[in-house]
Amino acid sequence: MEPAQAGQVVVIGSGLIGRSWAMVFAGGGFRVKLYDVVQQQITTALEYISKEMKELEKSGMLKGTLSAEKQFSLISGCTDLKTAVEGAMFIQECTPEKLELKKKIFGQLDLIVNNDVILSSSTSTLLPTKLFTGLKHVKQCIVAHPVNPPYYVPLVELVPHPETEPSTVDKTHALMKKIGQSPVRLIKEIDGFVLNRLQYAVISEAWRLVGEGVISPADLDLVMSDGLGMRYAFIGPLETMHLNAEGMTNYCERYREGMIHVLNTFGPVPDFSGEIEQQISQAMSEKTPADPEHLNARRAGRDECLMGLAKLKKQMKSN
Ligand code: NAI
């Protein structure tokens, strides 16, 4: 991580994801302009960031080498887009997931940016060809999709438009590394990118298993949190195959037929509604009632666990 004055970035939209990005960039020593159309949102975001940074510093989990006070002083709010982007080397858009709104914002940026700044979107679902086609600065455009909460879960999926310059991808990759995130490159765009495709594959089989009466919703979740998830926090599914036999070739020799047999018993895509939805919803609400108070408390608990895991991973890497 770098000391202050590493450069200036702009975060567009100061909601859940924008706040996190602002903190991550400031942790890397970057000056951050936090732009929003709603002044009150910026004020609330800055209050939140200041409090979070102090708490992170106390718990030893503040990113980077600068103090919380110094990092916070690197972030300033702005409600004028032209002023916000002046002198910026990277712009991270974090507005609501609405295609027309995002297209409008990138259209506005296209008119005011120079030929060097990188224009990046946090979108979880919108493909680069939908967002960036036709822009004069399309070569400088990329999706950098974070995972919530980005402060503890470092993965960022980089998804280029077919006309994105390779140097835009390389520079974004280097920047993400510099601020302590873990970027992966998608070579081409695909619906759901990679993280959500994997996530949906798991969700849909989970749904079918509960729906077919094989397991209860609570036990299904335990299979992941106390089973698969334990190793997936450290090694991915492909390396798991490699290690669970005498290498990948041996794994395929041993388990190919069995895997294909089981995979052929997977059912169709669920409709995520009706009786099974009610059953799963009821089971989830028994543990965490679906009101803001309980959900927020459980989210805070989740973030504390993720913070502990991030700490552990950091310790293990430095050993
Ligand atoms: P949010 O609703 O919390 O925040 C959106 C912010 O954008 C608000 O502060 C709003 O005032 C501001 N805004 C609205 N119109 C604007 C405009 N024209 N110019 C500037 N700011 C404007 O949304 P959230 O959850 O932070 O999501 C932002 C993006 O991040 C979305 O594209 C979403 O798909 C993506 N994302 C969200 C994740 C999540 O778990 N929430 C995870 C990964 C990506």
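Residues numbered from 1 in each chain as written. Predicted model: local features only at pLDDT ≥ 70, side-chain atom pairs only at ≥ 80, totals over all residues. Heavy atoms only, no water.

**Quick notes on the overall build of the chain**
The following threshold applies: By the criteria applied, helices consist of DSSP H or I runs no shorter than four residues and strands consist of E runs no shorter than two, each listed in order from the N terminus. Each radius of gyration is computed over the set of C-alpha atoms, and the globule rule expresses the reference value as 2.2 Å times the number of residues to the power 0.38. Only protein chains enter the accessibility calculation, which uses a 1.4 Å probe; a residue is then buried when its area is under 20% of its type maximum, exposed when over 50%, and partly exposed in between. Residues count as neighbours in contact if any of their non-hydrogen atoms are within 4.5 Å of one another. Only the protein chains shown count as cover for residues, with accessible areas throughout obtained via the Shrake-Rupley method and a probe of 1.4 Å.
Along its length, the chain carries 13 helices and eight strands. Relative to the globule expectation of 20 Å for 319 residues, the C-alpha radius of gyration of the chain, 21 Å, shows essentially globular dimensions. The proportion of buried residues among the 319 residues of the chain is 39%. Sequence separation of 24 or more characterises 66% of the internal contacts of the chain that already satisfy a separation of 6 or more. Looking at the chain as shown, the accessible area adds up to about 18,000 Å², and 57% of this sits on carbon and sulfur atoms.

**Side note on the site of the ligand**
Filter applied, for reference: Nearness is defined per residue: one heavy atom within 4 Å of the molecule or strand is enough. Under this definition, polar contacts are N or O atom pairs within 3.5 Å; protein pairs additionally need one hydrogen-donor-capable and one acceptor-capable atom, and for neighbouring residues in sequence, both atoms have to be side-chain atoms. Residue classes follow a fixed rule: Ala, Val, Leu, Ile, Met, Phe, Trp, Tyr, Cys and Pro count as nonpolar, while Asp, Glu, Lys and Arg count as charged, and any other residue, Gly among them, counts as polar.
Looking at the ligand, there are 24 residues lining it, with D36, Q41, E97, K102 and S124 nearest. Between L16 and the ligand, the recorded distance is 3.1 Å, taken from a backbone N or O atom to an oxygen atom. For the ligand, whose accessible area on its own is 840 Å², the fraction buried by protein is 77%. When contributions to the shell around the ligand are tallied by element, the ones reaching two or more residues are helix 1 (16-27), helix 5 (99-112) and strand 6 (141-146). Looking at the shell around the ligand, its residues break down into 11 nonpolar, 10 polar and three charged.

**Let's talk about the pattern of salt bridges**
The cut-off we apply is this: When a carboxyl oxygen of Asp or Glu lies within 4 Å of a side-chain nitrogen of Lys or Arg, that pair is called a salt bridge.
If you walk through the whole model with that rule in mind, you get five salt bridges. For E97, the salt bridge identified is with K102, shortest N-O distance 3.8 Å. Note that R208 is salt-bridged to E205, the shortest N-O span being 2.8 Å. Note that R208 and E205 are positioned in helix 8 (residues 195-211) at a spacing of three residues, about one turn of the helix. As far as burial versus exposure is concerned, R208 and E205 are alike and both buried. One continuous salt-bridge network, built from bridges that share partners, spans E93, E97 and K102.

**Focus on helix 5**
For the record, the criterion: How far a helix is expected to stretch is found by multiplying one less than its residue total by 1.5 Å. Working definition: the arc comes from the directions between the helix axis and the C-beta atoms, pointing outward to the latter.
Under the 1.5 Å per step criterion, the end-to-end length of helix 5 is 20 Å for 14 residues, consistent within 8% with the ideal 20 Å. Along helix 5, the positions that sit buried rather than exposed are K102, I105, F106, L109 and D110. Along the axis of helix 5, the buried residues cluster in a sector spanning 145°; they form a single face. Relative to its buried face, helix 5 has exposed residues pointing more than 90 degrees away, namely E100, K104 and L111. Along its buried surface, helix 5 packs onto strand 1 (8-12), helix 4 (81-85), strand 4 (90-93), strand 5 (118-121) and helix 6 (128-132).

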